[in-house]
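# Structure at a glance
What follows is each chain in one-letter form.
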Amino acid sequence: MTDLDAFITGLPKAELHLHIEGSLEPEQMFAFARRNGISIPYASVEEVRAAYAFGNLQDFLDIYYAGADVLRTRADFHDLAAAYFDRAAADGVVHAEIMFDPQTHSDRGIPFAEVIEGLLSAMEEAETRHGISSNLIMSFLRHLSEETAFETLAMAEPWLDRIMAVGLDSSELGHPPEKFARVFTAAAARGLRLVAHAGEEGPPDYVKQALDLLKVERIDHGNRALEDNALVDRLVQSGMTLTVCPLSNLKLCVVDRIEDHPIDRMLALGLKATVNSDDPAYFGGYVADNYRAIAAGRGLGKAELAELARNSFTGSFLPADIARKHVEQVDAWLAAH
Ligand code: HPA
Ligand code: ZN
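Reading the values: the criteria
- Residues numbered from 1 in each chain as written.
- Chains lettered and ligands numbered in written order.
- Predicted model: local features only at pLDDT ≥ 70, side-chain atom pairs only at ≥ 80, totals over all residues.
- Heavy atoms only, no water.
- Helix = DSSP H or I, 4+ residues; strand = E, 2+ residues; numbered from the N terminus.
- Rg over C-alpha atoms; globule rule 2.2 N^0.38 Å.
- Buried < 20%, exposed > 50% of the residue type's maximum accessible area, 1.4 Å probe, protein only.
- Donors = N, O, S within 2.8 Å, 3.2 Å for Na, K, Ca; no water.
- Tetrahedral: all angles 85-135°; square planar, octahedral: opposite > 155°, others 65-115°.
- Near = heavy atom within 4 Å.
- Polar contact = N/O pair within 3.5 Å; in protein donor to acceptor, adjacent residues only side chain to side chain.
- Areas by Shrake-Rupley, 256 points an atom, 1.4 Å probe, with all protein chains shown as cover.
- Nonpolar A, V, L, I, M, F, W, Y, C, P; charged D, E, K, R; others polar.

## Section: the overall build of the protein chain
Assigned secondary structure in the protein chain consists of 17 helices and 8 strands. Expected size for 337 residues packed as a compact globule is a radius of gyration near 20 Å; at 19 Å, the protein chain falls within 12% of this value. On the principal axes, the C-alpha backbone points of the protein chain span a range of 50 × 45 × 40 Å. When burial is assessed residue by residue, the protein chain has 58% of its 337 residues classed as buried.

## Points about the coordination of the zinc ion (ligand 2)
On the protein side, the zinc ion (ligand 2) has His17 (NE2), His19 (NE2), His197 (NE2) and Asp278 (OD) as donor atoms, found 2.0 to 2.2 Å from it. Viewed at the metal, the 4 donor atoms of the zinc ion (ligand 2) are separated by angles of 82 to 174 degrees, and the geometry they form is irregular.

## Focus on the site of ligand 1
Every residue near ligand 1 is listed here: His19, Leu57, Phe60, Leu61, Tyr64, Asp169, Ser170, His197, Glu200, His221, Asp278 and Asp279. In the environment of ligand 1, a nitrogen atom lies 2.7 Å from a nitrogen or oxygen atom belonging to the side chain of Glu200. One of the side-chain nitrogen or oxygen atoms of His221 is found 3.3 Å away from an oxygen atom of ligand 1. Considered on its own, ligand 1 offers 260 Å² of accessible surface; in the complex 100% of this is hidden by protein. Take the shell around ligand 1: its biggest share by element is 4 residues, from helix 4 (residues 57–67). Tallied by class, residues from the shell around ligand 1 come to 4 nonpolar, 4 polar and 4 charged.

Listed below in structure tokens is the structure:
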């Protein structure tokens, strides 16, 4: 391991943009299919990995939703999340804010309780086994209707004290944030925090809508905000956190090459960028791999990497005093290296 590799691995970090369904590794897909008696359209792990060549977001989503079909029981959701936490712990993650897509499962007849109870049990174990704190972000699928988003919110009612925030994901183009303004207002009224994917493939106007109509506290991705200088100024002035996902951007052709990634431009503009893995099993790396990819691709040094890690805590939903303690740990790690 190089000095910079070791620095990145040991750097305390929060992961703020992770779809738990996107952490389903091909090996686990086969294991869950076997134990649930389901057949999957792949003969081998190699064949699955070979299918992970995407031209855009929708190419990926088609395979991602198909893969999620092997997730059937509370044990599956537990084991999926437990495996993620093991990987995250090895990557220096000390706090994770985990998105899950209830509609991907309720549409297949999987009870909400099975999904969330499985995830919550793994989150409790992660705290005791790894010292990782975590919370849940319930994401609405934006290609589905506002009505089904409201149904999802109603379904979650008994667990709302265990859910930190709502989010918005899936096919962005043609499904602007305004479609979900009312359900986000309803979620806020129930005490939930708000985030949304915007500006991954969608135009800068979708980022503005997420701010103005959904009133989000964080933008997931946000890359295309860079096309609008006034919007960049607004994001800088408001200290808005962007949860950027470099390897995802590469795999989904948001950037052509990692060498073209705008992460350091974002920092130089004063944007609160963070680094995250999005769907690590599909995009070829967990969070430390994402830090390594931009360090190599853009020549980022330790100070910039530490800034990204600091932003991950200040942009998290942790209480301010706890976030501050984590930031002090980042500073201590940087000072020691
Ligand atoms: N974008 C939109 N929806 C998603 C993503 C993403 O990167 N990952 C999982 N669902
Ligand atoms: Zn995402």
